[in-house]
Amino acid sequence: MNLKYRFHDGEMRYGFIKPAIDAHTLGINAAAELLRTCGCDVIIAEDFVAEAMNDYLYEVKRQVVVDWMIRESISRLGISYRLDKNDAVRMMGYLLEEMRKNRLLHYQGGPVDAVYFAGLPEACQLMEQEFDGLVSVFQGGESDRETLGMLGVPEEKIPMEIREGSRYDEARMEFGRQIFASQEYRKWKPSDPPDYPDYGTERDTVEKRLNARKSVQGDSSVPLTRAHVGPYSSEVSREENVKDFLSWVKTLAGDRYLDIISIGSSQLTQSDFGGDWEGKVNGGGVPIHSPEEFRMVWEASRPLFLRTYAGTRDIPALARMYEETIHICWHALSLWWFNRLDGRGPYDVYTNLKQHMETIRYIAGTDKPFEANVSHHFAFRGADDVTYIVSACLAAKLAKKLGIRTFVLQNMLNTPRSTWGVQDLAKSRAMVKLVRSLEDRNFRVILQPRAGLDYFKPDMEEARMQLAAVTALMDDIDPHNEADPPIIHVVSYSEASRLATPDIIKESVQITQHSLQKYREARRMEKVEDMSRNRNVAERSAELLQSAKKLLTAMEETFDDLYSAEGFYKVLAAGFLPVPWIWGETEEFRHAREWTAKPVKGGVAVVDENNKVMSMEDRIAIARTNCADAEYHLKQRTQGGGILY
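Residues numbered from 1 in each chain as written. Predicted model: local features only at pLDDT ≥ 70, side-chain atom pairs only at ≥ 80, totals over all residues. Heavy atoms only, no water.

(A) Just the overall build of the chain, in detail. Looking only at helices and strands, the chain has 23 helices and 15 strands in total. The C-alpha radius of gyration computed for the chain amounts to 25 Å, which stays within 12% of the reference 26 Å derived for 645 residues, consistent with globular compactness. Overall, the chain is about 80 × 65 × 55 Å in size when its C-alpha atoms are taken along their principal axes. Of all 645 residues assigned to the chain, the portion counted as buried reaches 58%. The long-range share in the chain, meaning contacts at least 24 apart out of those at least 6 apart in sequence, stands at 72%. Within the structure as shown, the chain displays about 26,900 Å² of accessible surface, and the carbon and sulfur contribution to it stands at 47%. Looking at charge distribution, the chain has the averaged site of its 82 positive side-chain charges lying 3 Å from that of its 97 negative ones. (Helix = DSSP H or I, 4+ residues; strand = E, 2+ residues; numbered from the N terminus. Rg over C-alpha atoms; globule rule 2.2 N^0.38 Å. Buried < 20%, exposed > 50% of the residue type's maximum accessible area, 1.4 Å probe, protein only. Contact = heavy atoms within 4.5 Å. Areas by Shrake-Rupley, 256 points an atom, 1.4 Å probe, with all protein chains shown as cover. Lys, Arg positive; Asp, Glu negative; His and termini not counted. Charge placed at Lys NZ, Arg CZ, Asp CG, Glu CD.)

(B) Layout of a negative patch on the surface. Together, Glu46, Asp47, Glu51 and Asp55 make up a region of like negative charge exposed at the surface. Topologically, aspartate 55 is positioned in the loop between α2 (47-54) and α3 (59-71). (Patch = residues over 30% accessible without salt bridge, like charges linked within 9 Å, V, L, I, M, F, W, Y side chains within 5 Å. Salt bridge = Lys/Arg side-chain N within 4 Å of Asp/Glu carboxyl O.)

(C) Local environment of the nonpolar core. Core analysis: the largest hydrophobic core is formed by 159 residues, its most contacted members being Ile263, Trp336, Leu394 and Leu572. Considering each element in turn, this core owes the most residues, eleven residues, to helix α15 (residues 385-401). Of all hydrophobic cores here, the second largest spans 34 residues; its members include Ile17, Met53, Tyr56 and Met127. (Core = buried A, V, L, I, M, F, W, Y, C linked by side-chain atoms within 4.5 Å.)

(D) The environment of glutamate 587, seen in detail. Locating glutamate 587 in the fold gives a position in the loop between α20 (565-573) and α21 (590-593). Note: C-alpha distance between glutamate 587 and alanine 227 (360 residues apart in sequence) is 37 Å.

(E) Fine view of α3. With 13 residues, α3 extends 18 Å from end C-alpha to end C-alpha; this agrees with the ideal 18 Å at 1.5 Å per step. Looking only at α3, the buried set comprises Arg62, Val65, Val66, Trp68, Met69 and Ile70. In this structure, the buried residues of α3 make contact with β1 (13-17), β2 (41-44), α2, β3 (76-81) and α4 (85-101). Positive backbone phi, at 55°, marks serine 73, one or two positions downstream of α3. (Expected span 1.5 Å × (residues − 1).)

(F) The arrangement of the pairing of strand β6 (residues 224-229) in detail. Most of β6 is tucked away, with five of its six residues classed as buried. Inspection of the sheet shows β6 paired to strand β13 (residues 487-489) by three bridges, in the parallel sense. Looking across to β13, one finds that leucine 224 is bridged to isoleucine 487. Both β6 and strand β7 (residues 260-263) contribute to a ladder of four bridges, which runs parallel. Counterpart to arginine 226 in the pairing with β7 is isoleucine 260. Following the chain from β6 across helix α9 (residues 238-255) to the adjacent parallel β7, one finds a crossover that is right-handed. (Pairing = 2+ DSSP bridges. Right-handed = clockwise from strand over helix to strand, strands pointing away.)

(G) Fine view of the pattern of salt bridges. For the structure on display, the rule yields 55 salt bridges. Glutamate 98 is the partner of lysine 101 in a salt bridge, and the nearest nitrogen-oxygen pair spans 3.7 Å. Linking lysine 101 with glutamate 98, this pair stays in helix α4, spanning three residues, or about one helical turn. Lysine 101 sits in the partly exposed class, given a relative accessible area of 45%. When its relative accessible area of 1% is taken as the criterion, glutamate 98 is described as buried. A salt bridge links glutamate 323 to lysine 368; the shortest N-O distance between them is 3.1 Å. With a gap of 45 residues between them, glutamate 323 in helix α12 (residues 315-325) and lysine 368 in the loop between α13 (349-366) and β10 (370-372) connect regions that are remote in the sequence. Bridged by salt links that share partners, the residues Arg340, Asp348, Glu585, Glu588 and Arg637 form one connected network.

(H) Layout of empty space enclosed by the protein. Scanning the entire structure with this criterion turns up four cavities of 30 Å³ or more. Approximately 60 Å³ is the volume found for the largest cavity. Forming the walls of the largest cavity are 14 residues, and the residues nearest its centre are Ala310, Ala319, His331, Ala332 and Leu333. Breaking the lining of the largest cavity down by element, the ones donating at least two residues are α12, β9 (331-333) and α13. Looking at the lining of the largest cavity, the element that brings in the most residues is α12, giving four residues. Among the residues making up the lining of the largest cavity, the classes are represented as ten nonpolar, four polar and no charged. (1 Å grid on protein atoms, 1.4 Å probe; cavity = no way out; pocket = protein on both sides within 12 Å on 5 of 7 lines; lining within 4 Å. Points joined across faces, edges and corners; volume = space filled by probe spheres on them. Nonpolar A, V, L, I, M, F, W, Y, C, P; charged D, E, K, R; others polar.)

(I) Highlighting the layout of surface pockets. For the second largest pocket, the calculated volume is near 820 Å³. Lining the second largest pocket are 33 residues, with Gln423, Arg540, Glu543, Val600 and Lys601 positioned closest to its centre. For the lining of the second largest pocket, the secondary structure elements donating two or more residues are α7 (160-182), α15, α16 (421-436), α19 (535-558), β15 (603-607) and α22 (616-625). Top contributing element to the lining of the second largest pocket by residue count: α19, with nine residues. For the lining of the second largest pocket, the residue count by class is 14 nonpolar, seven polar and twelve charged.

Next up, the structure:
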């Protein structure tokens with residue numbers, strides 16, 4: 001077939017390819033929607049092209065890709081590949097050579113004037129060295145404005161809403177640059193330990209420590225800090241990994257910059273604790289294998305609090321073991337997640353929900369706090385902002401009904417990474433208001449914000465600035481309450497490039513605590529915008545809150561048994577909680593997948609077939625038509641022992 005380019009009045013046409021072997025889709029979809037917002041023409045390669053990229057070593061497969069480029073008149077090509085760095089460079093090299101052979105490159109007189117690559121930092125560095133400027137690279141962490149500039153979109157084509165939306169983010173980044181440039185954060189030191197009888201003992205609790213800080217003049221404005229710690233190296237034995245971890249824990253406990261260590265246990269620890277690990281892949285994280293090793297962590301960590309991942313099998317039993325060994329400061333469960341739906345555990349969704357609810361009842365009996373890790377898992381898989389808010393409220397109402405007295409509300413900002421700060425504030429305020437409306441003398445909500453998982457850039461200096469900037473964002477959720485947030489989950493600035501060592505964790509806490517105090521000083525002196533008065537944030541927050549209440553009310557009216565394993569199963573199976581990018585159990589949860597969500601003015605919204613934001617009333621009506629299917633699938637799970645497809 002003689003293929004020729006079809007030119008479109010001189011307009012650039014972007015073509016994006018993600019090899020089928022790479023499951024990461026968030027970045028490529030976000031970039032495509034961002035370009036479309038600017039009126040650019042974007043094509044994402046079909047499955048057969050993605051599969052051909054898997055076999056790039058074969059000329060006939062490379063020709064499939066080139067033929068697609070010609071047929072679709074691609075003038076700017078983007079490749080996304082977040083796996084092996086050497087494979088990425090070889091893939092790009094073979095593809096560029098095929099493009100040269102077909103005279104597609106601009107310097108040959110061809111139509112393709114730009115080639116882009118998005119991948120892991122090491123792959124990007126190799127790509128720049130190997131191809132000497134021919135390929136522009138995206139390492140992650142770029143803002144919307146930066147992304148569009150790098151993709152060659154003229155300033156006049158960028159909508160005013162994107163330029164306006166970036167003002168707040170740019171102001172916070174300038175604040176972060178000043179924090180880093182001064183280096184004053186390195187002088188920050190923790191205050192003396194609180195003086196109360198149970199401090200650092202197995203009887204100590206997060207609530208007691210927060211109350212002790214309130215009793216110290218001025219100390220209530222210094223939040224407790226939590227960080228994830230979990231070193232692992234495949235070059236040493238399991239026992240040596242555990243020994244290294246214990247050394248890290250002792251160092252962090254001695255420094256006292258942290259209050260809470262989250263044990264980053266391995267996938268095997270979560271899925272096969274105490275089992276036979278011979279020949280099994282650890283999957284990253286510290287490979288703790290016995291209750292005795294957890295007790296060793298407790299001893300090494302005095303006087304810090306400890307928490308860790310829930311299990312993905314025998315979940316109530318592991319929760320009891322955590323209580324007995326590390327006196328876990330609070331438990332965390334993901335309800336709909338960490339099972340076959342996301343490939344992180346062996347259970348089907350319904351079985352997982354039943355085990356989680358049994359575990360929550362046990363937690364309530366211990367009087368320990370409970371943290372629901374749900375909202376960001378929906379966001380990771382393409383859910384909209386309302387789903388983010390409502391899933392948190394469902395979890396909180398469930399927890400209260402099952403007897404939990406203290407609920408830790410985790411709020412992962414910058415998720416997806418393209419989210420504007422003003423939208424993050426609106427979403428956060430709506431969620432906090434809805435969840436805190438449940439508070440009474442028997443139920444307390446503790447906000448715990450954190451940076452997004454893929455927020456930080458690989459450049460360490462820029463990442464430090466970003467950490468200061470996201471700390472300012474956390475404080476702007478409730479800008480005139482210096483006792484809020486009471487806990488911050490500090491994501492270390494090295495997140496995008498390497499494992500955080502104790503020194504990096506310590507510096508990350510210093511940046512966070514110093515930035516929080518400096519930002520509050522700047523607000524008092526009116527050197528930064530008072531975001532409590534920002535009209536756009538207030539209006540968007542009110543819209544989200546209204547939509548979230550409508551959705552929540554509709555689910556409660558539709559399902560008498562909503563706050564149960566059966567109810568939570570059905571709201572997902574019927575599609576009340578849109579999750580467009582799930583890739584497990586796809587037939588059983590097809591109604592959750594069949595929505596389309598996209599970035600809209602720095603947030604994420606569900607859109608209809610005409611690409612217009614869908615009303616909540618229409619969403620509810622569609623989900624209600626799927627209830628019979630949800631009931632059928634639940635019946636198969638409860639009576640048939642599972643669904644086989």
